[in-house]
Amino acid sequence: MTGRTDSLLQRNTHVRGMKSRPLVVTLMASTVLAGAFSVAGTAMAQQPAAAVSASQPTAFALAAQPLQAALDAFVRQTGWQLGYASGLAQNRTSRAVSGTFTPAQALETLLGGTGLSVRMTGPTTASLVVASAAAPTGTTVLAPVAVYDSTLRRGGVAETVISQQDLDRKNPSDVRGVFAGEPGIRVGSSLPMSQKVYVNGVEETNLAVTIDGSRQNNKVFHHNGTTVIDPSFLKAVRVDAGVAPADAGPGALAGAIAYETKDARDLLPGDGIGGQVKSTFNSNGSSLVSNATAYGRSGPFEALGSINYGKGSEFKGGDGRKVPGTETDVLSGLGKIAVETEQGHRFQISHERVRDDAARPFRANVGAISGRPAWEPKVRDYSIQRQNTVFSYADSKPSDLWNPKLVFAYGRTDVETDIFTRPVGSSTVPGSYPGEGSTDSLNGKIENKFTFGIGTLTAGADFYKDKGSYEDRTFSVSERSRNMGLYAQARLEPIDILRVSFGMRGDQQHFVGTTGQTWDNSGVSHNISAEVDVVPKYLTAKAGYSHAWAGIPLAENFIMNTAWRYGSGPKPVKSDNLTAGLEARYQALRSKAACSRPRSTMRGRPNSRPPAAILPMTLNPRALKSVRATPGTMAMCGPNMPIST
């Protein structure tokens, strides 16, 4: 290094002894295992590791603490060498660094507000100086940039994180574009309003889906999308395929999907105001989609507002003919207000809404199918609206034992479309009337993340109060459920090459059927997974197992009717997931190979309500005379089936 330094920190090649700290968690015996790992970890000698490249993304979980301790922790994790005058670290406190950053970004974030800056003196060496210190001749000093990485990345054998950088590169116009190129994740339909995400072949209605921490209860109609979202609002997306952690939320039968939207601080590094305007024109269909975004920050306050509007005609297929039901008519918006105190207390409220209202194929997610009656129209009007309001609290300067998160949210989805009936007598014109399905969810959680020598332990409680209803001129019907859950999830790294995660949650559910009958059930979910660096930096082996209990799921709104009979009662849904795989890396290249085996159990009795995944039609099951199913097809016959869905 150039210049005199009074102290030089190097990576320690041993682990310092740790004082035991009592951690009391009301759920799970897994905390005992965490303690056992902690004791074992302190007795193990850590082998020196090569320094992490300045541009290599790395997961950091450094609490706000005295600067000297924070720098020690940074050096231990990265293997970097830092030179600085010993007095610079005295009486200064670091900022918390939580998420995935390059080491250079993490160090800049850690030093935020300390009055110190970084000078790179080599690929993995740097010196710390007072920010106002004059730079040597010929040196270019860059202005500090605040980096607010997504908190979605937590690490897991089946975790896929699509970062802001990934989204910028993909520039998606719909959900299919968001997940493009991600192995094991597929999106059906070419129309945004009917797109559904499939993870390892399992539809997202069997996953725990959240937006900014808010649970989504969007299972309205099998012919439209489940979670319609504007990708221009997204900051990051996390997918836990198959094996989901306990803190992913209730109902994670086959995994979890978490969407996170942008904040003003993602667009502004400091105080000020800004804005963006963007328009996209597609000559095929003459569709114009325009977006306007404004944001500002002033001291502890920040705000963001964004609106997106698209309008256009039907596009033409390869044969030159217009494709019915493909016009563009979408309106979406996002608003956020936040305040963050000097002590790190951050309060935020956001509201996000999307609406799609246009003629779509009769079965919007399928298009035209053969064998349908001549009177059935090719298209019909669909109106789908989804909204999500979230209040959250977090501490941006957490300590080892205090890193809380509070979420209180409400989400709602409404779908309206025409229901067609058979023509009467000699007429060839079908009758029709509007049918409307609605789902909503009032939900929340409170949790705390404890950080100790070899990892973290997240423990908390959550709840939801869901309702699904259907209404038309002939009847109205609904189902309701509420759930309370307790959970804990440990994420440990006992040695450099091994990462272990395990957790458990318990849920108590109260379910109310269409008949007004009620059922109370409870169950336990658990998971365990591990990653081993077979060849450090180049080859990692992964494996995991989970058992999930999801209670009794609400039925899809458009199949509900008043004729249902539950017999001795519907049974809770359970699933078991097993996954294993390898991940190979070489410089910028990355390759994954994995296999998974999901298995779910849904039990009922004759004449009970049919599961939506098995019988996705608006009909009275008691009117059925026979059902014949073969791979890829299903035929039904009954004495009176006048409704076409």
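Quick caveat: nothing in here was measured; it's all calculated off a predicted structure.

(A) Broad picture of the overall build of the protein. Looking only at helices and strands, the protein features 5 helices and 32 strands. For the protein, with 645 residues in total, the buried portion stands at 48%. Across the protein, the fraction of contacts at a sequence separation of at least 24, relative to all contacts at a separation of at least 6, is 64%.

(B) Main features of the sheet that holds strand β13 (residues 234–241). Reading across the sheet, the 5 strands line up as β7-β13-β14-β11-β12 and stay open at both edges, with mixed pairing between neighbours. Across the chains shown, the open sheet's two edge strands, defined by having one partner strand only, are β7 (159–162) and β12 (214–215). As judged from the 2 bridges shared by strand β11 (residues 208–211) and β12, these two strands associate in the antiparallel manner. Each residue of the ladder has a partner; that of T210, found in β12, is R215.

(C) Representation of a nonpolar patch on the surface. Nonpolar side chains collect at one region of the surface, where I337, F347, I349, F391, L406, F408, Y410, L442 and I446 lie side by side and expose about 770 Å² of accessible area between them. Of all the secondary structure elements, the ones that give two or more residues to the nonpolar patch are β19 (345–361), β21 (404–421) and β22 (431–452). If one sorts the elements of the nonpolar patch by residue count, β21 sits on top with 3 residues.

(D) Highlighting helix α3 (residues 103–110). Where α3 is concerned, the buried positions are P103, A106, L107, T109 and L110. Across the axial projection of α3, the buried residues extend over an arc of 160°, all falling on one side. On the buried face of α3, the contacting elements are β2 (58–62), α2 (67–78), β3 (81–84), β4 (97–101), β5 (116–122) and β6 (125–130).

(E) View of the packing of aromatic side chains. Taken as a whole and assessed by the stated rule, the structure comprises 14 aromatic pairs. Pairing F179 with Y259 gives two aromatic rings, centres 6.4 Å apart and planes at 70°, and the pair type is edge-to-face. Residue F179 is found in the loop between α5 (175–178) and β8 (185–188), and its partner Y259 is found in strand β14 (residues 255–261); the two are separated by 80 residues along the sequence. Each member of the pair, F179 together with Y259, is buried. Here Y538 and Y586 contribute two aromatic rings whose centre-to-centre distance is 6.3 Å and whose plane-to-plane angle is 25°, an arrangement assigned as stacked. Of the two residues, Y538 sits in the loop between β26 (518–535) and β27 (539–551) while Y586 sits in strand β28 (residues 573–586), which places them 48 residues apart along the sequence.

(F) Local environment of the pattern of salt bridges. Scanning the entire structure with this criterion turns up 31 salt bridges. The residue E340 makes a salt bridge to R265 at a minimum N-O spacing of 3.9 Å. You can see E340 sitting in strand β18 (residues 328–340) and its partner R265 sitting in the loop between β14 and β15 (272–282), a full 75 residues away along the chain. You can call E340 partly exposed: its relative accessible area is 23%. In this structure R265 comes out as buried when scored by relative accessible area, which is 17%. What emerges from the salt-bridge pattern is a single network uniting D212, D263, R265, E302, K336, E340 and R346.

(G) Local environment of the side chain of N483. Assignment of secondary structure puts N483 in strand β24 (residues 476–495). Looking at N483, the relative accessible area reads 4%, which means it is buried. A distance of 2.8 Å separates a polar atom in the side chain of N483 from a polar atom in the side chain of D507. Sequence-distant contacts of N483, defined by excluding residues within four places in its chain, comprise P250, D462, F463, Y464, D507, Q508, Q509 and W549.

(H) Here's a closer look at α2. End to end, α2 covers 16 Å across 12 residues, agreeing with the expected 16 Å (1.5 Å per residue, within 8%). Within α2 the residues assigned to the buried category are L67, A70, L71, D72, A73, F74, V75 and T78. Count one or two residues on from α2 and you reach G79, which has phi positive near 80°.

(I) Seen up close, a positive patch on the surface. Side chains of K465, K467, R480 and R482 sit close together on the surface and give a patch of like positive charge. Counting residues per element, the ones that place at least two in the positive patch are β23 (455–471) and β24. Assignment of secondary structure puts K465 in strand β23. Taking the relative accessible area as the measure of exposure, K465 reaches 54% and is therefore exposed.

(J) Inspection of the sheet that holds β8 at higher detail. Pairing is antiparallel across the open sheet formed by 3 strands, whose spatial order is β8-β9-β10. Looking at the sheet topology across the chains shown, the edges are occupied by β8 and β10 (202–203). Note that strand β9 (residues 196–199) and β10 share 2 bridges and pair antiparallel. Residue pairing for β10: V199 is matched across the bridge by V202.

(K) Region of interest: the environment of Q489. Its location among the elements puts Q489 in strand β24. In this structure, the C-alpha to C-alpha distance between Q489 and A248, residues 241 residues apart in sequence, is 9.6 Å. Within the local environment of Q489, its side chain forms a polar contact with the backbone oxygen of F502, the two atoms lying 3.4 Å apart. At 3.0 Å, the side chain of Q489 and the side chain of N527 are in polar contact.

(L) A look at the pairing of β23. Judged by how many residues are buried, β23 sits mostly within the fold: 12 of 17 residues are covered. As defined by bridge partners, β22 adjoins β23 across 17 bridges and the pair is classed as antiparallel. By the bridge assignment for β23, T439 is matched with G468. Adjacent in sequence and paired antiparallel, β22 and β23 are bridged by 2 residues. Note: β23 against β24, 17 bridges, orientation antiparallel. Each bridged residue has a counterpart across the sheet, and for A459 the counterpart in β24 is A488. Counting the residues between successive antiparallel strands, the hairpin from β23 to β24 contains 4 residues.

(M) Layout of the packing of α2 against α3. Interhelical geometry of α2 versus α3 gives an angle of 175° and a closest axis separation of 11 Å. In terms of their interaxial angle, α2 and α3 are classed as roughly antiparallel. In contact with L67, A70, L71, F74 and T78 of α2, α3 contributes P103, A106, L107 and L110. In terms of residue class, the contact of α2 with α3 is built from 8 nonpolar, 1 polar and no charged.

Cut-offs and rules
Each chain carries its own residue numbering, running from 1 in the direction its sequence is written. Thresholds applied to this predicted model are a pLDDT of at least 70 for local features of residues and 80 or more for the giving and counting of side-chain atom pairs; totals over whole chains, interfaces and linings are not thresholded and use all residues. Hydrogen atoms and water are omitted, and side-chain values are computed over all heavy atoms in the structure. Helix numbering and strand numbering both begin at the N terminus, where a helix is a DSSP run of H or I of at least 4 residues and a strand a DSSP run of E of at least 2. Three labels apply to residues, based on accessible area from a 1.4 Å probe with only protein chains included: buried if under 20% of the type maximum, exposed if over 50%, partly exposed otherwise in between. In what follows, residue pairs with any heavy atoms lying within 4.5 Å of each other are defined as contacts. Between any two strands, pairing holds if DSSP finds at least two bridges. Grouping into patches uses exposed residues only, defined as over 30% relative accessible area, and leaves out salt-bridged ones; the cut-off is 9 Å for like charges and 5 Å for nonpolar side chains (Val, Leu, Ile, Met, Phe, Trp, Tyr). Note on areas: Shrake-Rupley with a 1.4 Å probe; residue coverage comes only from the protein chains shown. By definition, a salt bridge exists where a carboxyl oxygen of Asp or Glu is found within 4 Å of a side-chain nitrogen of Lys or Arg. In this description, one arc is meant: the one made by directions from the helix axis to the C-beta atoms. By convention, a stacked pair of Phe, Tyr or Trp rings (six-membered ring in the case of Trp) has centres within 6.5 Å and planes under 30 degrees apart, an edge-to-face pair has planes over 60 apart, and any other such pair is tilted. Two N or O atoms form a polar contact when they lie within 3.5 Å of each other; inside protein one atom must be a possible hydrogen donor and the other a possible acceptor, and for residues adjacent in sequence the pair counts only when both atoms belong to side chains. One fewer than the residue count of a helix, multiplied by 1.5 Å, yields its expected span. Think of it this way: Lys and Arg go in the positive column, Asp and Glu in the negative one, and His and the chain ends go nowhere. By convention, charge coordinates are those of NZ in Lys, CZ in Arg, CG in Asp, or CD in Glu. For helices, the fitted line uses only the C-alpha atoms of the stretch in contact; every axis is such a line through C-alpha atoms, and the angle between N-to-C directions lies from 0 to 180 degrees. In these notes the angle categories are as follows: under 35 degrees is roughly parallel, over 145 is roughly antiparallel, 65 to 115 is roughly perpendicular, and the rest is oblique. Polar here means any residue other than Ala, Val, Leu, Ile, Met, Phe, Trp, Tyr, Cys and Pro, which are nonpolar, and Asp, Glu, Lys and Arg, which are charged; Gly is therefore polar.

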